[in-house]
Structures are given as C-alpha cells and as structure tokens.
Amino acid sequence: MIYQRSSELFVEAQNYIPGGVNSPVRAFKSVGGTPIFVNEAKGAYLYDEDGRRYIDYINSWGPMLLGHAYQPVVDAVIEKTKKGTSFGTPTEIETEIAKLAVSMVPNIDKIRFVNSGTEACMSAVRLARGFTNREKIIKFRGCYHGHSDSFLIAAGSGLSTFGVPSSPGVTKGTAQDTLLANFNDLNSVKELFEANKNEIAAIIIEPVAGNMGCVPPVNNFLQKLREVCDENGALLIFDEVMTGFRLAKGGAQELFGIKADIVCFGKVIGGGLPVGAFAARNEIMDYLAPVGPVYQAGTLSGNPLAMAAGLAMLQAINTDTELFHRLEEKTAYLEAGLRKVLTENKKTFVINRVGSMISVFFCENAVENYEDAAKADTPEFKAFFHGLLERGIYIAPSSYETWFITDALSYEDLDETIKVVTEVTK
Ligand SMILES: *Cc1c(COP(=O)(O)O)cnc(C)c1O
C-alpha cells in the first residue's frame, strides 16, 4: 500500500474536519482514492507522509511560481516573525509591497490587500457596484472567482437571463444579480447587456480561464469585452488571482495589452501565505473606505508575515529579467513532449497553454469554453491522474484544473514527466 500513512491520516481527519479537508478539491472526489498528505516540499518536489517524492505540477494551486520553500521568502518570513506576527496598525512593509505591485502592474494606482482571492473578488464586485451605482454583474460559466455568494451561481433555465444558486445557502435574491455568459462568446454578453440596460455594474472574468482547465481567450475576446463595457458604462474586472504575476510581471493585462478597470490578485502575490488584493485607478479606489463610502475591512489584512512573503516574492519576480522567458521555454518544452508521446500513443487529446499554465484534455475538439471542457473524458483522466501519481508526478486531481509550471523544475524533471506520461498512456 503506497499511500499507507496518508490513508490513515485521511481517515482520522474525516472524524474532525468535514471530508477530512479544508477545501473540497483536495479530497480527490472526482478522481477517487486517497489524497496524499504532504509533509514537506522543496523546489519542484513534494514529499508525502509515506516518504514518497513527487514532481509537483500544482504548486499550491499557483502560488509557488519559484518553487517550494523559496529561500528569500522563507528568510523574510522568519525575520518578520521575530518582531511580532500581527499588530492591527499600519506598517511600513504594506506601503513597500503596494508600491512595488503598482509599479509592476499596468493601469493601477492603488491596491488594497486582503487575505484570499475570494475576498479580493468579492470586494472588487462591491466596489464596482458602489462606483457605478448598479447591481448586476456578468460572470462566465466555468470561471471561478472564489466561494462568495455572488459567484456560486449557475445558468438559469429557459428564457430567464439571470442565474440560480449553484450551492444551497446562496439566496435566490443574490443569484438574480449574477448573469451568466459563455466564455469566448461575445453574443452571449451582448444579449445580457440588451436585456439589462443600465443595470450591469461589471463583467468579471479570468482573462485566461484556469478553473475549467486552461482556456485562453480567442478572437480578441478580451478586447471586445473592453469595448462592450465602455459602450455600456460597465467596469471590466480582471480576476488575475491565477494569472497575476504568472503570465507576465503585469499579468494578463500586460500579456494581451488590455486595460481592466479593477484587477484582483491572490496566489503568487502572497508567496504561499494567505494574501489577496484588488487594485484600480485612483478614481475607483478612492471609493473605498476610509476615503470613500464603500466598506471593506480585515483584522489580518496586510499582515506583516504575509506582506513579507509577498514582498520577497514580487521582488524576485521583478528583478529576474529572464524569469518569464524561462517559464515559457520550460512549459513549451513540456507541451511539445506531451504532444509527441500522446500522439504516438494514439490518444485523442487537446492541450491548451498560455505561458506557464497548461492543461491536457482527453477530448476531440478545441476547448474554448466550459461546455467544451466538460466533454473531456473523465474515466480516462482518472486513469491518467492515478498513473502519474503512482509514478511520482502530482497533477491536479480534476480535469477542470490547470497545471502550474514552476521555475524550480529542471529539464530532467520535465523529461521524467514526459517519460512517465509515455508509460501511463501506452
Ligand atoms: C484561486 C482563485 C480564486 C480564489 O482564491 P482563494 O484564495 O482560493 O480564495 C479566485 N479567482 C481565481 C481565478 C482563482 O484561481
């Protein structure tokens, strides 16, 4: 039994924590089996409680862009910890990281730090509503913006243009203010604007979707959304919790040359500590309390340890001029290797990739939206996932997730991965 201790720990955890996990996808429900309990991680590797090593393609779901236990982040946190872990007062380091983030990301003047991506998106939407004095928002099927009520919405049936709760506990009232459109489908967006004239505060989108697998925007979709927002007086919110500081220093805005009104961050910006943030130009950010009327707060927001980790992370990204080039090269190498062996092994597959985000879908046709992603063959993915895991390659336990490439990966690691994929898909 190769996951002996993990399975014992999982049984015990389930006695005290719902499903044994503090975030559902960790439970391996969509692939079956026992989640590995990780004991430690360094660079590109995870080590589980059974002492097995894995090449990690999840990287804490994104944050570990530079690898696990990245020394400058570890050192910064240790040093800060010695001076106290939380004060509930302003600290100088908050301004330092804010100044750096604002210098790296286009089109933002000010940034507010929170504790998670969920909080960032939730607050961004409140700010957009306050600023525009409108109540409805548009989100896309298959995009994830955290677990706050406004985002746990599915498409309504029949002729209704508004959504319905996708989780018990979300009220119908909340659901009515979230309109659902299809990713990469401009008409679905235009129809919503038609049917809800002067009521839509904002469109929120993952500029490169990563939560239905990696799904890039096609046919200038983001540019067209920018135009539709401008024509209708709505704000464009880029949820860059996944793409921010990953696709480029300035995230998807920089990569695609599109200007968002509000940008949300999480994951990489915290260097592995709980951090989220949202940012915009002055005119919008000054709507926030204590300057403006839109309320938003947090006891641990801007926490010194979290800011130290985030600052060390952003400094590393900002000063390493070759980083994004290396990430692109490594991920392109992996993509080419995977394409070669999957083709040789006569698999039906689609690979989507933007920079260091990559997904393998076991399906026939291009994956450009949620419906396409849902066609990816689940039994085949399960076998693929477990085959990789048993051979020491850790990818996300769901076909709706992206692989996150870290700079800590060596070409030997990538070759090992491609070799394992060859074996598993034979
Ligand atoms: C992870 C993620 C979130 C939620 O962030 P949490 O820190 O898990 O709350 C929001 N949006 C996107 C695009 C994400 O990938």
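Only a predicted model underlies this, so the values are computations on that prediction, with no experimental measurement involved. (Residues numbered from 1 in each chain as written. Predicted model: local features only at pLDDT ≥ 70, side-chain atom pairs only at ≥ 80, totals over all residues. Heavy atoms only, no water.)

K.L.:
What is the right way to read the pairing of strand E8 (residues 178-181) from this model?
P.N.:
Where a strand is regular, its side chains alternate between the two sheet faces. Side chains of E8 alternate between two faces, with Thr178 and Leu180 and Leu179 and Ala181 buried alike. Sheet topology places strand E5 (residues 136-140) next to E8; four bridges connect them, and they run parallel. The residue bridging Ile138 from the neighbouring strand is Leu179, located in E8. (Buried < 20%, exposed > 50% of the residue type's maximum accessible area, 1.4 Å probe, protein only. Helix = DSSP H or I, 4+ residues; strand = E, 2+ residues; numbered from the N terminus. Pairing = 2+ DSSP bridges.)

K.L.:
Where do I start with the site of the ligand in this structure?
P.N.:
Every residue close to the ligand is listed here: Ser116, Gly117, Thr118, Tyr144, His145, Gly146, Glu206, Asn211, Asp239, Val241, Met242 and Lys267. The backbone of Tyr144 places a nitrogen or oxygen atom 3.1 Å from a nitrogen atom of the ligand. Within the contact set of the ligand, an oxygen atom lies 2.6 Å away from a side-chain nitrogen or oxygen of Lys267. Split into classes, the residues belonging to the shell around the ligand amount to three nonpolar, six polar and three charged. (Near = heavy atom within 4 Å. Polar contact = N/O pair within 3.5 Å; in protein donor to acceptor, adjacent residues only side chain to side chain. Nonpolar A, V, L, I, M, F, W, Y, C, P; charged D, E, K, R; others polar.)

K.L.:
For this particular structure, what's the right way to read the UniProt feature "modified residue: N6-(pyridoxal phosphate)lysine" (unreviewed entry) in the chain?
P.N.:
Residues given the UniProt feature "modified residue: N6-(pyridoxal phosphate)lysine" (unreviewed entry) here are Lys267. Looking at the element boundaries, Lys267 is found in the loop between strand E11 (262-265) and strand E12 (276-280). Setting aside anything within four residues of it in sequence, one finds Lys267 in contact with Trp61, Gly62, Pro63, Val241, Met242, Gly272 and Val275. (UniProt positions renumbered as here; feature names shortened; annotations may be inferred. Contact = heavy atoms within 4.5 Å.)

K.L.:
Mind showing me how you'd approach unusual backbone geometry here?
P.N.:
Excluding glycine, residues mostly have negative phi values, and the peptide bonds linking residues are mostly trans. In this structure, the amide linkage connecting Ala289 to the following residue, Pro290, adopts the cis form with an omega of 10°. Relative to the helices and strands, Pro290 is located in the loop between helix H9 (282-285) and helix H10 (304-319). The phi angle at Ser60 is positive, at roughly 60°, despite the residue not being glycine. Taking the relative accessible area as the measure of exposure, Ser60 reaches 42% and is therefore partly exposed.

K.L.:
It is not clear to me how the sheet that holds strand E1 (residues 38-42) should be interpreted in this structure. Could you clarify?
P.N.:
Through backbone hydrogen bonds, the strands of a sheet pair up, either in parallel or in antiparallel fashion. Read across the sheet, four strands follow the order E1-E2-E3-E15 without closing on themselves; strand pairing throughout is mixed. Of all strands in the sheet, those bounded by a partner on one side alone are E1 and strand E15 (393-394). Note that strand E3 (residues 53-56) and E15 share two bridges and pair parallel. Bridging across to E15, Asp56 finds its partner in Tyr394.

K.L.:
Could you clarify how one ought to interpret the nonpolar core in this entry?
P.N.:
The nonpolar side chains of soluble globular proteins are, as a tendency, buried together. Formed by 67 residues in total, the largest nonpolar core has its most connected members in Phe140, Val189, Phe245 and Ile317. In terms of residue count, the dominant contributor to this core is H10 (eleven residues). When residues of this core are sorted by domain, at least three fall in each of domain 1 (4-69 + 322-424) and domain 2 (71-319). Setting aside chain neighbours within four positions, we find Val189 in contact with Ile138, Phe140, Ala181, Ile203, Phe221, Leu225 and Val228. (Core = buried A, V, L, I, M, F, W, Y, C linked by side-chain atoms within 4.5 Å. Domains from an automatic or database assignment.)

K.L.:
Could you clarify how one ought to interpret H10 in this entry?
P.N.:
For an α-helix, the turn length of 3.6 residues means that residues three or four places apart are oriented alike. The first and last C-alpha atoms of H10 sit 22 Å apart over 16 residues, in line with the 22 Å expected at 1.5 Å per residue. For H10, the tally of buried residues reaches 13 of 16 residues, placing the bulk of the element in the interior. A distance of 3.0 Å separates the backbone nitrogen of Leu305 from a side-chain oxygen at the start of H10, and that oxygen is part of Asn303. (Expected span 1.5 Å × (residues − 1).)

K.L.:
What's the story with the side chain of Thr132 in this structure? I'm lost.
P.N.:
With respect to the secondary-structure elements, Thr132 resides in helix H4 (residues 117-132). A polar contact of 2.7 Å, which involves the side chain of Thr132, links it to the backbone oxygen of Ala128. Excluding residues within four positions of it along the chain, Thr132 makes contact with Ala201, Gly233 and Leu235.

K.L.:
Before we go on, may I ask you to explain the domain arrangement of the chain in this structure?
P.N.:
One frequent convention defines the size of an interface as the accessible area lost when the parts assemble. Here the domain parsing of the chain yields domain 1 (4-69 + 322-424) and domain 2 (71-319). Here the C-alpha centroids of domain 1 and domain 2 sit 25 Å apart. The junction of domain 1 with domain 2 conceals about 2300 Å² of combined surface from both sides, 68% of it contributed by carbon and sulfur atoms. Interface area lost by domain 1 to domain 2 is led by Phe324, Val354 and Met357, which between them contribute 25%. At the junction of domain 1 with domain 2, the criterion picks out eleven residue pairs in polar contact (both at pLDDT 80 or more). (Buried area = accessible area lost by both parts, 1.4 Å probe.)

K.L.:
Mind showing me how you'd approach the state of the cysteines here?
P.N.:
In protein chemistry, a disulfide is the covalent bond that joins the sulfur atoms of two cysteines. For the structure on display, the rule yields zero disulfides. Sulfur of Cys264: no disulfide; nearest cysteine sulfur belongs to Cys121 and is 4.1 Å away. On the basis of relative accessible area, Cys264 is assigned to the buried category, the value being 0%. Cysteine Cys363 remains unbridged, with the sulfur of Cys214 as its closest cysteine sulfur at 13 Å. (Disulfide = S-S within 2.5 Å.)

K.L.:
Teacher, can you tell me more about the pairing of E1 here?
P.N.:
Bridging between E1 and strand E2 (residues 45-48) involves four bridges; their strand directions are antiparallel. The residue of E2 that forms the bridge with Lys42 is Tyr45. Counting the residues that bridge the hairpin from E1 to E2 gives two residues, and of these Gly43 lies at a positive phi of roughly 60°.

K.L.:
In this structure, what is going on with the pattern of salt bridges? I would like to understand it.
P.N.:
Once their charged atoms are close, side chains differing in charge can pair, the charge on each being opposite to the other. A full pass over the atoms with the stated rule returns 19 salt bridges. Close ionic contact of Lys136 with Asp177 constitutes a salt bridge, the shortest N to O distance being 3.8 Å. One end of the pair, Lys136, is in strand E5; the other, Asp177, is in the loop between helix H5 (172-175) and E8, and 41 residues separate them in sequence. Summarising the burial analysis for this pair, Lys136 and Asp177 share the class buried. Among the ionic pairs, Arg391 bridges to Glu423, the shortest N-O distance being 3.1 Å. On the criterion of sequence distance, the pair formed by Arg391 in the loop between helix H13 (378-390) and E15 and Glu423 in helix H14 (residues 411-424) is long-range, its members being 32 residues apart. Its relative accessible area of 36% is what places Arg391 among the partly exposed residues. (Salt bridge = Lys/Arg side-chain N within 4 Å of Asp/Glu carboxyl O.)

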